[in-house]
Number of protein chains: 2
Amino acid sequence: MTIRLWRNLLVAAVLGLCGAASPVWAQSADPLPSWNDSAVKTDILDFVARVTTDGSPDYVPPQDRIATFDNDGTLWVEQPLYTQFVFVIDRVKAVSNQHPEWKTKEPFKSALDGNTAKLLTYGEKGAIALITATHSGMTTVEFNDTVNAWLKTAKHPRFKRPYTDLTYKPMIELLEYLRANGFMTFIVSGGGIEFMRAYTEQCYGIPPWHVVGSAGKTEFRMWDASPTLVKLPDLLFFDDGPGKAEGINHYIGRQPIFAFGNSIGDKEMLEWTANCQGLCFMGLVHHDDAVREYAYGPDSDVGRFPVALMEHAEAVGWDVVSMKNDWKEIFSWAKP
Amino acid sequence: MTIRLWRNLLVAAVLGLCGAASPVWAQSADPLPSWNDSAVKTDILDFVARVTTDGSPDYVPPQDRIATFDNDGTLWVEQPLYTQFVFVIDRVKAVSNQHPEWKTKEPFKSALDGNTAKLLTYGEKGAIALITATHSGMTTVEFNDTVNAWLKTAKHPRFKRPYTDLTYKPMIELLEYLRANGFMTFIVSGGGIEFMRAYTEQCYGIPPWHVVGSAGKTEFRMWDASPTLVKLPDLLFFDDGPGKAEGINHYIGRQPIFAFGNSIGDKEMLEWTANCQGLCFMGLVHHDDAVREYAYGPDSDVGRFPVALMEHAEAVGWDVVSMKNDWKEIFSWAKP
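I will try to describe carefully the structure that is included in this document. Note that the coordinates shown come from a computational prediction; the quantities given were computed from them, not determined experimentally.

Quick look at the interface of chain B and chain A
The interface is formed by 40 residues belonging to chain B together with 41 residues belonging to chain A. Summed over both sides, the interface of chain B with chain A buries roughly 3,600 Å², with 64% coming from carbon and sulfur. When the buried area of chain B at its contact with chain A is split by residue, Trp209, Phe220 and His250 of chain B rank highest and sum to 21% of it. Where chain B touches chain A, the interface holds two salt bridges. For Glu201 of chain A, the salt bridge goes to Arg254 of chain B, with nearest N and O atoms at 2.6 Å.

Focus on the sheet that holds strand S5 (residues 258-261) of chain A
Residue and element names in this part refer to chain A. Sheet architecture is open: seven strands sit in the order S4-S3-S2-S1-S5-S6-S7, paired in mixed fashion. Here the strands that pair on one side only, and so sit at the sheet edges, are strand S4 (226-237) and strand S7 (319-322). The mean inter-strand angle of the sheet, taken between neighbouring strand axes irrespective of direction, is 30°. Of the pairings in the sheet, the one linking S5 to strand S6 (residues 281-286) comprises four bridges and is parallel in character. Its bridge partner lying in S6, Gly261 is registered against Leu284. The strands touched by helix H8 (residues 169-180) are strand S1 (66-69), strand S2 (184-192), S5 and S6; relative to S1, the strand with the most contacts, the crossing angle is about 165°.

Some thoughts on the relation of the copies chain B and chain A
Note that the two copies of the chain are related through a rotation about an axis and a translation along the same axis. Each copy superposes on the other: chain B lies on chain A with an RMSD of 0.0 Å after a rotation of 180° and an axial shift of 0.0 Å. Here the symmetry operator amounts to a two-fold rotation axis. Of the interface residues in chain B, 98% have counterparts in chain A that sit at the interface too, so the contact is made through matching surfaces.

Structural notes on the pattern of salt bridges
With the rule as written, the count across this model stands at 36 salt bridges over all chains. The salt bridge involving Arg50 of chain A is made with Asp58 of chain A; its shortest N-O contact spans 2.9 Å. Arg254 of chain B is the salt-bridge partner of Asp64 of chain B, the closest N and O atoms lying 3.3 Å from each other. Highlighted residues: Asp64 of chain B in the loop between helix H2 (39-52) and strand S1 (66-69) and Arg254 of chain B in the loop between helix H11 (242-252) and strand S5 (258-261), separated in sequence by 190 residues.

Some details on the packing of aromatic side chains
Within this structure, the stated rule accounts for 55 aromatic pairs over all chains. Between Phe47 of chain A and Phe258 of chain A, the aromatic rings sit 5.8 Å apart at their centres with planes inclined by 50°, giving tilted as the arrangement. Of this pair, Phe47 of chain A sits in helix H2 (residues 39-52) while Phe258 of chain A sits in strand S5; the two residues are 211 residues apart in sequence, bridging distant segments of the chain. Summarising the burial analysis for this pair, Phe47 of chain A and Phe258 of chain A share the class buried. A ring pair is formed by Trp150 of chain A and Phe195 of chain A, whose centres lie 6.3 Å apart and whose planes are at 55°; its orientation type is tilted. One end of the pair, Trp150 of chain A, is in helix H7 (residues 140-153); the other, Phe195 of chain A, is in helix H9 (residues 193-197), with 45 residues separating them in the sequence. For the pair Trp150 of chain A and Phe195 of chain A, one class covers both residues: buried. Every member of this aromatic cluster is reached through a ring pair, and the members are Trp76, Phe87, Phe143, Trp150, Tyr163, Phe195, Tyr199 and Tyr204 of chain A. A cation over an aromatic ring shows up here: Lys231 of chain A above the ring of Phe143 of chain A, its NZ or CZ 4.5 Å from the ring centre. Its guanidinium or amino end placed over the ring of Tyr294 of chain B, Arg158 of chain B lies 4.9 Å from that ring's centre, counting from NZ or CZ.

Rules behind the numbers
- Residues numbered from 1 in each chain as written.
- Chains lettered and ligands numbered in written order.
- Predicted model: local features only at pLDDT ≥ 70, side-chain atom pairs only at ≥ 80, totals over all residues.
- Heavy atoms only, no water.
- Contact = heavy atoms within 4.5 Å.
- Buried area = accessible area lost by both parts, 1.4 Å probe.
- Salt bridge = Lys/Arg side-chain N within 4 Å of Asp/Glu carboxyl O.
- Pairing = 2+ DSSP bridges.
- Helix = DSSP H or I, 4+ residues; strand = E, 2+ residues; numbered from the N terminus.
- Axes fitted to C-alpha atoms, helices over the stretch in contact; angles between N-to-C directions.
- Least-squares fit on C-alpha atoms with pLDDT ≥ 70 in both.
- Phe/Tyr/Trp six-rings, centres within 6.5 Å; stacked < 30°, edge-to-face > 60°.
- Buried < 20%, exposed > 50% of the residue type's maximum accessible area, 1.4 Å probe, protein only.
- Lys NZ or Arg CZ within 6 Å of the ring centre and 35° of its normal.

These results come straight from atomic positions and should not be treated as a statement about function.
So this is what it looks like as structure tokens:
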């Protein structure tokens, strides 16, 4: 049995369904079959060949092959709302009978009314109020169970499928391809670390300890002689924008040589990666496919991919993936 | 080539010298040759066999084989002072010409005078003052370079060897044995995360992202168009006592099934581990060997292993390693 096959079997044993088809290696000699043969794919294949070929001037030893990926909008759908935000609204509704005051108190009222447009006007402060109310006061085990139960039942409003089906097939292929080439793949996301950890291993083959995200504080308590971690309403770490570079240092402790994002919140992660000693790869996913997914790039006022980021990417040579042109398929369950 | 040999070659390629002899697998069929054939060794071998044997009622899949180790006093010598504290004192001396006020200001004065006894009377507050002064105001890269340079030159006062030579051979064998059996080995230490990460990969085969420790905040800044992380004088996370259980959740995100410590600061990590669903192993290193190392267990007023912890370990069935009786060798360079 070859090393690669052995590793792939291990990965396959952990990787669940999540809308993914059978593992890449079983399908094709092409490691990225869902990518069109365009410049971005060539750049990725070329980069990996150069850093993994022993004797190449760009060779990087396996322990330095760190790859970091944003999550929302880079590995799975983030429109019309971040999935975790949908979860938060559903949790507000689920526990509202314990909070009669929410019926008249914003931003809870808008959440209960399903008035997302108004809810979004409360901005970051409103989001923090809702997250705090729904992400604390329970144990870490209880929270994890709640997320898992929600992921099994909640469905995306447009695609009518579980959110875990809305992972991007080309990106899962890319994660597997990098790992098959000795890379360690990490998520570096502004999203809540414990929310993501509930599904990243099954959906992306990324275990909890390779997930970097925003985190709340916890408190160790002995309850009936059983150790428990209680989630507190205090922020420990905010992993977005400059926080992504800080989070990479805090959690991973080594500079990436490969990074992929899709928004202005990923700029510092990409800059930090671009500062690597040798060859490095920086990529951005451009959502320009309203037919198969969504279109909210520099030409729209939705999302966080401004014109300035596109210009910067072009100026410094970061690869920009056009979902429309570079991806043959987006979801494993959809017709190409 | 077998899978195990391939993995061992990879590990050997990364593992440096650090006082370690050639890798275990090259020496003997016994995976723990530096351990005497006493009850603790039997318990370890038995535990690993039970959780790794497919079909065993205690079988644990590889992705759940999390093992966590304290560092100071568990993986390397912590007497007469924590190594990082020696580094801190040396740094105070090295930069004191930029701080003339330290000559008369405690705890800096005692550090400059080499008066360790007096320095220790300033307790945690004094330690934090010294750590803050020496661990902030530089970039993460500069700090890492400083630690590396110090580790190459500083020597332990009794053993007259670099501190990285003072790792425990039996524990390095244990780390390698666990990894060879599909475990992921993590450090969970009260020590500074960036100080440890400078040497854990080379000395223990533990990469930076498997190191959990106390951490300061950093700030992302662009300096001359280059991204930089500056170390700030603010604590982000304190990883000792209950903080070890919280840190395991924060950094690793999965409960260990195997943990080793040596002090009261490890109690919550061991309790959190003991709360595992199936079979789990909890161990404590008891320093009772004044001839080959140090003796500072429950019978002494040095260190942090009180009588109550020994009684608790006996009551709940945690394994206690007697360095004197259970370890055939302690350091790879010393005569057995």
